[in-house]
Amino acid sequence: MEYRHLGKTGIRVSELSLGSWVTFHKQVDTNAAVEMMAEAYDAGVNFFDNAEAYASGKSEEVMGAALKKLGWRRSSYLVSTKFFWGLNEGINEKDTLNRKYLLEAIDGSLTRLDLEHVDLVFCHRPDSHTPIEETVWAMHQIVESGKAMYWGTSEWSAMEIVAAIGIAEHHHLHKPVMEQPEYNLLHRERFENEYARLFADYGYGTTTWSPLASGLLTGKYNNGIPEGSRATLDHYDWLLEKMTDPVALGKVKKLGKIADELGVTLAQMSIAWILKNPNISTVILGTSRIEQLRENMQALDVVAKLSPDVMDAIDKALT
Ligand SMILES: NC(=O)c1ccc[n+]([C@@H]2O[C@H](COP(=O)([O-])OP(=O)(O)OC[C@H]3O[C@@H](n4cnc5c(N)ncnc54)[C@H](OP(=O)(O)O)[C@@H]3O)[C@@H](O)[C@H]2O)c1
């Protein structure tokens, strides 16, 4: 496992990390979380991603209980949470980055995780109804209070991120230092184009999500929807359209042939392809079973196989 600086910060994250969206609580109970997190940690993973909204707070409870059982030295790992959607229906409690919500939300997450601080805290989406200045001051206060070490954004536009950095610099506040965007073989535009100046001019860090496009980039959806897969779960039927899209499936099949020729799985090749990008700080894996984690972690050995010719072939398969 290699470690990359989280943007320009002094903190280093393992190039592969483990997240809990969909999986923790719904598919992965505390015992399974302990097993997966231990496997990842023993392989060098030092970052575990979470969010208030995941399983309506239950994902944080599962991770907190797992961390308690694992008993690792707190300084040896990083945990994140994220805020935006909220857990309650009140007018000021959902779909917002207002100051009151954020300052109350961090306390709720710390209680559920049973931690004194998280390491990374993200604004899970931009909020066009709250001034960015209000959000920047609130996030600064969370960091200043010691309840989080670094703050960042998730799926903000480059323009919103630059605005937040500018406000923070103007007032000498803690500025956002990392973005959590979707990035995978089927979703490249924003990361590679819109964010290019964020990386070049600001050294912004990245913790990227859905490396396998929710499983599509394993090839498991090539012949229909497999029993028990994410697309069959309650409340995830919105994924069905994506998993049966003939254009995407055509690309996945072509990519599968390249992976076969390399003697690796498509999941491993897809994750290794992301790791080749120098603007990645860490790729957050999602796994519902330990066997998937074991397979996907081996992507680390596949990076060296992605020669310029293979990278060209991958680009061609996507056109
Ligand atoms: N900031 C954000 O807005 C945001 C959004 C989404 C995710 N995230 C973060 O990113 C993390 C990863 O995202 P993700 O879970 O969508 O990642 P992903 O890698 O795109 O999808 C993971 C899912 O694909 C299937 N899978 C993974 N490896 C497999 C394998 N080798 N063989 C067969 N199936 C496999 C599993 O689902 P099944 O077994 O159930 O089919 C697994 O849960 C999340 O846990 C979360 O921490 C952040």
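Residues numbered from 1 in each chain as written. Predicted model: local features only at pLDDT ≥ 70, side-chain atom pairs only at ≥ 80, totals over all residues. Heavy atoms only, no water.

As for the nonpolar core
Membership of the largest hydrophobic core comes to 95 residues, with the highest contact counts inside it found for Met37, Phe48, Leu255, Met269, Leu306 and Ile314. In terms of residues, this core owes the most to one element, helix H10 (residues 266–275), which gives eight residues. Among residues more than four places away in sequence, those in contact with methionine 37 are Leu18, Phe24, Phe48, Met63, Ala66, Leu67, Leu70 and Trp72. Counting nine residues, the second-largest nonpolar core is a separate cluster that includes Val13, Phe47, Leu120 and Ile284. (Core = buried A, V, L, I, M, F, W, Y, C linked by side-chain atoms within 4.5 Å. Buried < 20%, exposed > 50% of the residue type's maximum accessible area, 1.4 Å probe, protein only. Helix = DSSP H or I, 4+ residues; strand = E, 2+ residues; numbered from the N terminus. Contact = heavy atoms within 4.5 Å.)

Details of the packing of aromatic side chains
Per the counting criterion, the structure on display carries twelve aromatic pairs. Ring centres of tryptophan 21 and tyrosine 236 lie 6.1 Å apart, and the angle between their planes is 70°; on these two criteria the pair is classed as edge-to-face. Placement of tryptophan 21 in the loop between strand E3 (16–19) and helix H1 (30–42) and of tyrosine 236 in the loop between strand E9 (205–208) and helix H8 (240–243) is noted, with a sequence separation of 215 residues between them. Given a relative accessible area of 26%, tryptophan 21 falls into the partly exposed group. On the basis of relative accessibility, which here comes to 14%, the residue tyrosine 236 falls in the buried class. A ring pair is formed by phenylalanine 83 and tyrosine 101, whose centres lie 6.3 Å apart and whose planes are at 85°; its orientation type is edge-to-face. Placement of the pair is phenylalanine 83 in strand E5 (residues 78–83) and tyrosine 101 in helix H3 (residues 99–113), with a sequence separation of 18 residues. (Phe/Tyr/Trp six-rings, centres within 6.5 Å; stacked < 30°, edge-to-face > 60°.)

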